[in-house]
Amino acid sequence: MKNNQRPLIRSTTVIGVIRDGKAALGSDGQMTLGNTVIKHSTRKIRRLYHGKLVAGFAGATADAVTLLDRFEEKLEAYNGKLDRAAVELARDWRTDKYLRRLEAMLAIVSIDKALIISGTGDVIEPEDGIVAIGSGSMYALAAARSLMKHSALQAKDIVHESLKIAADICIYTNDHIVIEEV
């Protein structure tokens, strides 16, 4: 590693699903630095806006916590309007000199909306109500889509099973799973 390079921080797996009037978001607990696991039980999700939303992050922990705090401020400023708060956070994140250096992504679910917010100013609302971010996100996303189509599992169970599958495949994802449901 050259002196001017930071250690590579690998992401995680965060997945959220909306089904039958309920939403669930979960993540694994692994934190890695380079190719070393430094913690197995990091909490990467939290409830926001009076417990009506659940948000999760992938990327640098300190950066993500800063973004979650800013997002919570936006939610309060816009009376819990998820779309408006997400767009305003993405705008600030893209244009603010300090914020644009932050390396993280956010996934948010409510009972009727699922969003991904990135530092490039993207606010993405998937058509199928499934959000996934992090290094194991594509494994969890594929599992969740299949479970949504071919099972009657509830949102929380789909999230749990999808994270277990991702943990079996992605070396940056473990099976210390935390799930919140709204």
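Scroll up to find the structure this text is about.
Here we summarise the structure given alongside this text. Predicted model, so just to flag it, every value in this text is computed and none were measured.

Between helix α3 (residues 137-150) and helix α4 (residues 155-169), the least distance of the axes is 8 Å, while the angle of their chain directions is 140 degrees. As summarised for this structure, α3 and α4 are arranged oblique, according to the angle between their axes. Every pair of crossing elements has a handedness; the one defined by α3 and α4 is right-handed. Between α3 and α4, the residues in contact are Tyr-139, Ala-140, Ala-143, Ala-144, Leu-147 and Met-148 and Ile-158, Glu-161, Ser-162, Ile-165, Ala-166 and Ile-169, respectively.

With that settled, consider the packing of helix α1 (residues 61-77) against helix α2 (residues 82-95). Where α1 contacts α2, the two axes come as close as 9 Å, and the packing angle between them is 135 degrees. Considering the angle they form, α1 stands oblique to α2. The hand of the α1/α2 crossing is right-handed. Here α1 contributes Leu-67, Arg-70, Phe-71, Lys-74 and Leu-75 to the contact with α2, which in turn contributes Leu-82, Ala-85, Ala-86, Glu-88, Leu-89, Asp-92 and Trp-93. Residue classes in the contact of α1 with α2 are distributed as 8 nonpolar, no polar and 4 charged.

So, about the sheet that holds strand β1 (residues 14-19). A sheet is described by the order of its strands in space; here 4 strands give the open sequence β10-β1-β2-β11, paired in antiparallel fashion. Sheet topology places β10 (130-133) and β11 (178-181) at the edges, where each strand pairs with a single neighbour. Taking the axes of each pair of neighbouring strands and ignoring which way they run, one obtains an average angle of 10 degrees across the sheet. In the sheet, strand β2 (residues 22-27) pairs with β11 via 4 bridges, with the strands oriented antiparallel.

Turning our attention to the pairing of strand β5 (residues 45-48). Of the strand pairs in this sheet, β5 and strand β6 (residues 53-59) are connected by 4 bridges, and their pairing is antiparallel. Looking at the pairing, Leu-48 lines up with Leu-53 of β6. Between β5 and β6, which follow one another and run antiparallel, lie 4 residues, and Tyr-49 among them has a positive phi close to 45 degrees.

With that settled, consider the pattern of salt bridges. The final tally for this structure, using the stated rule, is 12 salt bridges. Two residues, Asp-28 and Lys-44, come together in a salt bridge whose shortest N-O distance is 3.3 Å. Of this pair, Asp-28 sits in the loop between β2 and β3 (31-33) while Lys-44 sits in the loop between β4 (36-39) and β5; the two residues are 16 residues apart in sequence, bridging distant segments of the chain. Ionic pairing is found between Asp-69 and Arg-46, a salt bridge with its closest N-O pair at 2.7 Å. Here the residue Asp-69 occupies a position in helix α1, and Arg-46 occupies one in strand β5, the gap between them amounting to 23 residues. Each of the salt bridges in this network shares a partner with another, and the network as a whole consists of Lys-74, Arg-84, Glu-88, Arg-91 and Asp-92.

This part covers the sheet that holds β5. Read across the open sheet, the 5 strands follow the order β5-β6-β7-β8-β9; overall the sheet is antiparallel. Both outer strands of the open sheet, β5 and β9 (123-124), are each paired with one neighbouring strand and no more. Bridge count between β6 and strand β7 (residues 104-109): 6 bridges; the pairing is antiparallel. In the sheet register, Gly-56 faces β7, and the bridge partner there is Ala-107. On the sheet, α1 packs against β5, β6, β7 and β8 (114-117) and is oriented at approximately 10 degrees with respect to β5. Taken strand by strand, α2 contacts β6, β7, β8 and β9, and its axis lies near 5 degrees from that of β8.

Reading the values: the criteria
- Residues numbered from 1 in each chain as written.
- Predicted model: local features only at pLDDT ≥ 70, side-chain atom pairs only at ≥ 80, totals over all residues.
- Heavy atoms only, no water.
- Axes fitted to C-alpha atoms, helices over the stretch in contact; angles between N-to-C directions.
- Helix = DSSP H or I, 4+ residues; strand = E, 2+ residues; numbered from the N terminus.
- Parallel < 35°, antiparallel > 145°, perpendicular 65-115°, else oblique.
- Left-handed = near helix turned anticlockwise from the far one by under 90°.
- Contact = heavy atoms within 4.5 Å.
- Nonpolar A, V, L, I, M, F, W, Y, C, P; charged D, E, K, R; others polar.
- Pairing = 2+ DSSP bridges.
- Salt bridge = Lys/Arg side-chain N within 4 Å of Asp/Glu carboxyl O.

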